[in-house]
Amino acid sequence: MDKLYFGPAGIPNSAEKRDLLNGLKTVKNLGLDAMELEFVYGVRYNPRVLPLVKEFAQKNNIVLTAHAPYYINLAAKEKEKIEKSIKYILDTARVLNELNGYSIVFHPGYYMKRDPKEVYKIVKENLAKVLEMANQEGIKVWIRPETMDLPSRFGSLEETFELARELGTLPCIDFAHLRYRYKNNKPEFFRQVLEKYEEYFGKEGLKNMHIHMSGINLDPRASHKNLKESDMPWQEILDLLKEFNAKGVVISESPNLEEDAIMMKKYYG
Ligand SMILES: [Zn+2]
């Protein structure tokens, strides 16, 4: 990627017509240059609008990413649930690939009281299948496990990075999730995250980042909040991204979506 692109997680709140194409037009009018397609409640879309979305994104140099369904659990105990999880990820990747998009993210799964090492093996085995099938289909978009918030969820920093490296993909860094999981909002902590990322994925990895940003509530639900109402050192994090020469996409998952995306883009310059 040639720079950092900024955009909302989903159709902007201010978009009057709630469809992908109008969402994208709103993104452009707001001066943003990325949008994440939210398939979190299912991979549903109007197939007729896809060519128009693709054309509009291409023409206006807007980077498209996508978020796979929340129901995914690559470490499920039932074979059926694993197969469905694999399908959800592939379906998300297929749509984004058709749009000539950049990168998709998914939540890997749950420990369900098992040994994290055991769960790691299961997730790895199943993600390997996903990547193999995507490769066979000629899917070009990144397929990334995301760093997760709750301790019951697979997706610590180490697990996510190790998994991605072992399978030759890249992780999605969700800074709010990390702030929650490690109970740390010091800029020094986020510097260590980026140092580790560079150690694992090198300068190439830094050129191809997929980042989620928002504030986060420190309650058991870990719900997102707007950056200014949170304790996220978002300016320092953006300074760090500049210092590390990070390129790729920063997606705002704050409730105000585009407002924080605009605020970050303006600050970043
Ligand atoms: Zn997510």
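Scroll up for the structure.
What you are looking at is a predicted structure, and each value in this text was computed from that prediction instead of being measured.

Chemist: I'm lost on the sheet that holds strand β9 (residues 209-213) in this one. Help?
Modeler: The strand order across the open sheet built from four strands is β1-β12-β9-β8, with neighbouring strands paired in parallel fashion. One side of each edge strand has no neighbouring strand; the edge strands of this open sheet are β1 (4-8) and β8 (173-174). Looking at chain direction, β9 and strand β12 (residues 248-252) are connected through five bridges and run parallel. For I211, the partnering residue across the bridge sits in β12 and is V250.

Chemist: I keep staring at the pairing of β1 and nothing clicks. Help me out?
Modeler: A regular strand places its side chains on the two faces of the sheet in alternate fashion. Counting buried positions over the five residues of β1 gives five, a clear majority of the element. Burial along β1 is two-sided: L4, F6 and P8 facing one way and Y5 and G7 facing the other are all buried. With five bridges connecting them, β1 and β12 associate as parallel partners. Of the residues in β12, the one forming a bridge with L4 is G248.

Chemist: Explain the side chain of R144 here, please?
Modeler: Checked against the element boundaries, R144 lands in strand β6 (residues 142-145). Here R144 is buried and forms no salt bridge, its nearest opposite-charge partner E36 lying at an N-O distance of 8.7 Å. Side chain to side chain, R144 and Y102 meet in a polar contact 3.1 Å long. A polar atom in the side chain of R144 sits 2.8 Å from the backbone oxygen of N208. Apart from residues lying up to four places away in sequence, R144 is in contact with Y102, S103, I104, V105, F106, L170, P171, C172, Y197, N208, M209 and H210.

Chemist: Teacher, can you tell me more about the packing of aromatic side chains here?
Modeler: Each aromatic ring pair is described using two quantities: the centre-to-centre distance and the angle formed by the ring planes. Throughout the structure, instances matching the rule amount to 15 aromatic pairs. On the basis of an interplanar angle of 65° and a centroid distance of 5.6 Å, the ring pair of F161 and Y200 is categorised as edge-to-face. A residue pair is termed long-range when its members are at least 10 positions apart, and F161 in helix α5 (residues 157-167) and Y200 in helix α7 (residues 187-206) qualify at 39 residues. Here the two residues F161 and Y200 agree in accessibility, since each one is buried. Three or more aromatic residues joined by ring pairs form one cluster here, namely F161, Y197, Y200 and F201. Sitting above the plane of the Y5 ring, K3 keeps its charged end 4.7 Å from the centroid. Above the plane of the ring of Y180 lies K183, whose end atom (NZ or CZ) is 5.3 Å from the centre.

Chemist: Got a minute to help me understand empty space enclosed by the protein in this structure?
Modeler: Where empty space is left can be seen by rolling a probe of water-molecule size over the atoms. The full count for this structure, using the stated rule, is one cavity of 30 Å³ or more. What the largest cavity holds in volume is close to 30 Å³. Put simply, the parts of the chain that give the lining of the largest cavity at least two residues each are β5 (109-110) and β7 (153-154). Classifying every residue of the lining of the largest cavity by side-chain character gives five nonpolar, two polar and one charged.

Chemist: How should I be thinking about the layout of surface pockets in this particular structure?
Modeler: Taken as a whole, the largest pocket encloses approximately 770 Å³ of empty space. Along the wall of the largest pocket there are 28 residues; nearest its centre are A9, E38, V40, Y41 and Y70. Per element, the largest residue contribution to the lining of the largest pocket is three residues, and it comes from strand β2 (residues 34-38). Of the residues contributing to the lining of the largest pocket, the split by class is 12 nonpolar, eight polar and eight charged. One number sums up the size of the second largest pocket: a volume of about 160 Å³. Around the second largest pocket sit Y5, K54, A57, Q58, N61, I62, V63, L64, L99, N100, G101 and Y102, which together line it. Those elements that provide at least two residues to the lining of the second largest pocket are α2 (50-59) and β3 (63-67). Take the lining of the second largest pocket: its biggest share by element is three residues, from α2.

How each quantity is defined
- Residues numbered from 1 in each chain as written.
- Predicted model: local features only at pLDDT ≥ 70, side-chain atom pairs only at ≥ 80, totals over all residues.
- Heavy atoms only, no water.
- Pairing = 2+ DSSP bridges.
- Helix = DSSP H or I, 4+ residues; strand = E, 2+ residues; numbered from the N terminus.
- Buried < 20%, exposed > 50% of the residue type's maximum accessible area, 1.4 Å probe, protein only.
- Lys, Arg positive; Asp, Glu negative; His and termini not counted.
- Salt bridge = Lys/Arg side-chain N within 4 Å of Asp/Glu carboxyl O.
- Polar contact = N/O pair within 3.5 Å; in protein donor to acceptor, adjacent residues only side chain to side chain.
- Contact = heavy atoms within 4.5 Å.
- Phe/Tyr/Trp six-rings, centres within 6.5 Å; stacked < 30°, edge-to-face > 60°.
- Lys NZ or Arg CZ within 6 Å of the ring centre and 35° of its normal.
- 1 Å grid on protein atoms, 1.4 Å probe; cavity = no way out; pocket = protein on both sides within 12 Å on 5 of 7 lines; lining within 4 Å.
- Points joined across faces, edges and corners; volume = space filled by probe spheres on them.
- Nonpolar A, V, L, I, M, F, W, Y, C, P; charged D, E, K, R; others polar.

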